[in-house]
Amino acid sequence: MTTRPPYLTPPSEDDIRKGGFSTPWDAPMVPPFPFRFRNAEILTVYWRTDPAALAYLLPPPLRPEGDVVCCHIYKMNDTDWLGPYTEANVMFGAALGDRKGAYSPYLVLSSDIGVAHGRETHGQPKKLGKPQLEARGDLFVATVERNGIEVLTATLPYKQRPCDPARLKPYFDFATNLNLKALDHIDGTPAIRQLTSRCLSDVVVHECWEGPCTVELRANAQLPIFRLPVLEPLQGFYWRADFTLVPGEIIHDYLKVQP
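Residues numbered from 1 in each chain as written. Predicted model: local features only at pLDDT ≥ 70, side-chain atom pairs only at ≥ 80, totals over all residues. Heavy atoms only, no water.

Colleague: I'm lost on the layout of surface pockets in this one. Help?
Modeller: Empty space among the atoms can be located by rolling a probe the size of a water molecule over them. Its volume calculated, the largest pocket comes out at about 280 Å³. Residue lining of the largest pocket: 16 residues in total, with Phe174, Ala175, Leu200, Val203 and Trp239 positioned closest to the centre. Those elements giving two or more residues to the lining of the largest pocket turn out to be strand S2 (63-76), strand S4 (85-96), strand S12 (190-212) and strand S14 (232-245). With five residues, S12 is the single largest residue contributor to the lining of the largest pocket. Of the residues belonging to the lining of the largest pocket, the class tally is 12 nonpolar, two polar and two charged. Taken as a whole, the second largest pocket encloses approximately 230 Å³ of empty space. Gly19, Gly20, Phe21, Val30 and Thr121 are the residues nearest the centre of the second largest pocket, which is lined by 14 residues in total. Per-element accounting of the lining of the second largest pocket gives the leading share, three residues, to helix H3 (residues 112-122). (1 Å grid on protein atoms, 1.4 Å probe; cavity = no way out; pocket = protein on both sides within 12 Å on 5 of 7 lines; lining within 4 Å. Points joined across faces, edges and corners; volume = space filled by probe spheres on them. Helix = DSSP H or I, 4+ residues; strand = E, 2+ residues; numbered from the N terminus. Nonpolar A, V, L, I, M, F, W, Y, C, P; charged D, E, K, R; others polar.)

Colleague: I keep staring at the packing of aromatic side chains and nothing clicks. Help me out?
Modeller: Each aromatic ring pair is specified by the distance between its two centres and by the angle formed by the two planes. All chains considered together, the criterion is met by 10 aromatic pairs. Both rings, one in phenylalanine 37 and one in phenylalanine 243, keep their centres 4.9 Å apart while their planes meet at 25 degrees; by these two values the pair is stacked. Note that phenylalanine 37 is positioned in strand S1 (residues 35-48) and phenylalanine 243 in strand S14, a separation of 206 residues in sequence. On the basis of relative accessible area, phenylalanine 37 is assigned to the buried category, the value being 5%. In this structure phenylalanine 243 comes out as buried when scored by relative accessible area, which is 4%. On the basis of an interplanar angle of 35 degrees and a centroid distance of 6.3 Å, the ring pair of phenylalanine 174 and tryptophan 239 is categorised as tilted. Of the two residues, phenylalanine 174 sits in the loop between strand S10 (161-162) and strand S11 (176-184) while tryptophan 239 sits in strand S14, which places them 65 residues apart along the sequence. This pair shows no difference in class: phenylalanine 174 is buried, exactly as tryptophan 239 is. Grouped by ring-pair contacts, the aromatic residues Phe33, Phe35, Phe37 and Phe243 constitute a single cluster. (Phe/Tyr/Trp six-rings, centres within 6.5 Å; stacked < 30°, edge-to-face > 60°. Buried < 20%, exposed > 50% of the residue type's maximum accessible area, 1.4 Å probe, protein only.)

Colleague: When you look at a nonpolar patch on the surface in this model, what are you seeing that I'm missing?
Modeller: A contiguous nonpolar surface patch, about 280 Å² in accessible area, is contributed by Ile16, Phe21 and Trp25. Tracing the backbone through its elements, the reader meets phenylalanine 21 in the loop between helix H1 (13-17) and S1. Overall, phenylalanine 21 belongs to the partly exposed group, its relative accessible area being 33%. (Patch = residues over 30% accessible without salt bridge, like charges linked within 9 Å, V, L, I, M, F, W, Y side chains within 5 Å. Areas by Shrake-Rupley, 256 points an atom, 1.4 Å probe, with all protein chains shown as cover. Salt bridge = Lys/Arg side-chain N within 4 Å of Asp/Glu carboxyl O.)

Colleague: Teacher, can you tell me more about the sheet that holds strand S7 (residues 130-136) here?
Modeller: Strand pairing in a sheet relies on backbone hydrogen bonds, with the paired strands running either antiparallel or parallel. Pairing is antiparallel across the open sheet formed by four strands, whose spatial order is S7-S8-S9-S13. Strands with a single pairing partner mark the edges of an open sheet, and in this sheet they are S7 and strand S13 (214-217). The average undirected angle you get between the axes of adjacent strands in this sheet is 10 degrees. With four bridges connecting them, strand S9 (residues 149-157) and S13 associate as antiparallel partners. Directly across from alanine 154, in S13, lies its bridge partner valine 215. (Pairing = 2+ DSSP bridges. Axes fitted to C-alpha atoms, helices over the stretch in contact; angles between N-to-C directions.)

Colleague: Looking at this structure, how should I read the state of the cysteines?
Modeller: What is meant by a disulfide is a covalent connection between two cysteines, made through their sulfur atoms. The full count for this structure, using the stated rule, is zero disulfides. Of all cysteine sulfurs, the one in cysteine 70 lies closest to cysteine 213, which takes part in no disulfide; the gap is 10 Å. Of the residues examined, cysteine 213 reaches a relative accessible area of 6% and is grouped as buried. (Disulfide = S-S within 2.5 Å.)

Colleague: Sorry if this is basic, but what is going on with the pattern of salt bridges here?
Modeller: Two side chains that carry opposite charge are able to pair once their charged atoms sit near each other. Summed over the entire model, instances satisfying the criterion amount to 18 salt bridges. Ionic pairing is found between arginine 136 and glutamate 134, a salt bridge with its closest N-O pair at 2.8 Å. Given the relative accessible area of 38%, glutamate 134 is considered partly exposed. Here glutamate 210 ties to arginine 161 by a salt bridge, and the two come within 4.0 Å at their closest N and O atoms. Of the two residues, glutamate 210 is situated in strand S12 and arginine 161 in strand S10; the sequence distance between them amounts to 49 residues. Within the structure, one salt-bridge network assembled from shared partners comprises Glu13, Asp14 and Arg17.

Pasting the structure below:
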């Protein structure tokens, strides 16, 4: 006779219909909300780019705000469900009506769970890759690798100027993340076409440092961050924080809007 843990019971149809359900049901992959990130280390770098490049990557009816891009390279040291992993999120300012935030054209991370959750739940364009963040002597160095190619290299002097965490968002509110969610039915017809929005909750910043940064991009057809060329590197920040990922909202539904 096969023995099973007492907490494993087959799902009912009602269970399957509930929010937060994931397959395989006896070892679900996608975590339900909320889940906590502890002691995350982040290098955030800003650079000025061509406004036409922003407009090219932004789905309507979102409109670009400004001409600045940022990339957060995360070293997630302790995360519910996912465990330790690394992530990079490229963002730039965008707005829908009076709602402002930051749109993500590219994300890459080292966790298959993170890729699945980001794509299935938020609609983020996540792909597997190898972001890294480390201190090399007196320099923070972050790299983002995909297909064996370092597509982004960023640097920041090591902890020279402490700063107030309020300075982390000088160009746009990256805490409000905007994404394009696109999923099809099995027959190829559109199932979901939405703009989504989410904010992190219970953010606690333990330390924050700023300084001049450098950003270098290298072409890769599968992670084309080079489409946002570096016209002028601006400032960078190293910060360490805890935060919680909570449910977001649908801010635009393409399938419910009459053409």
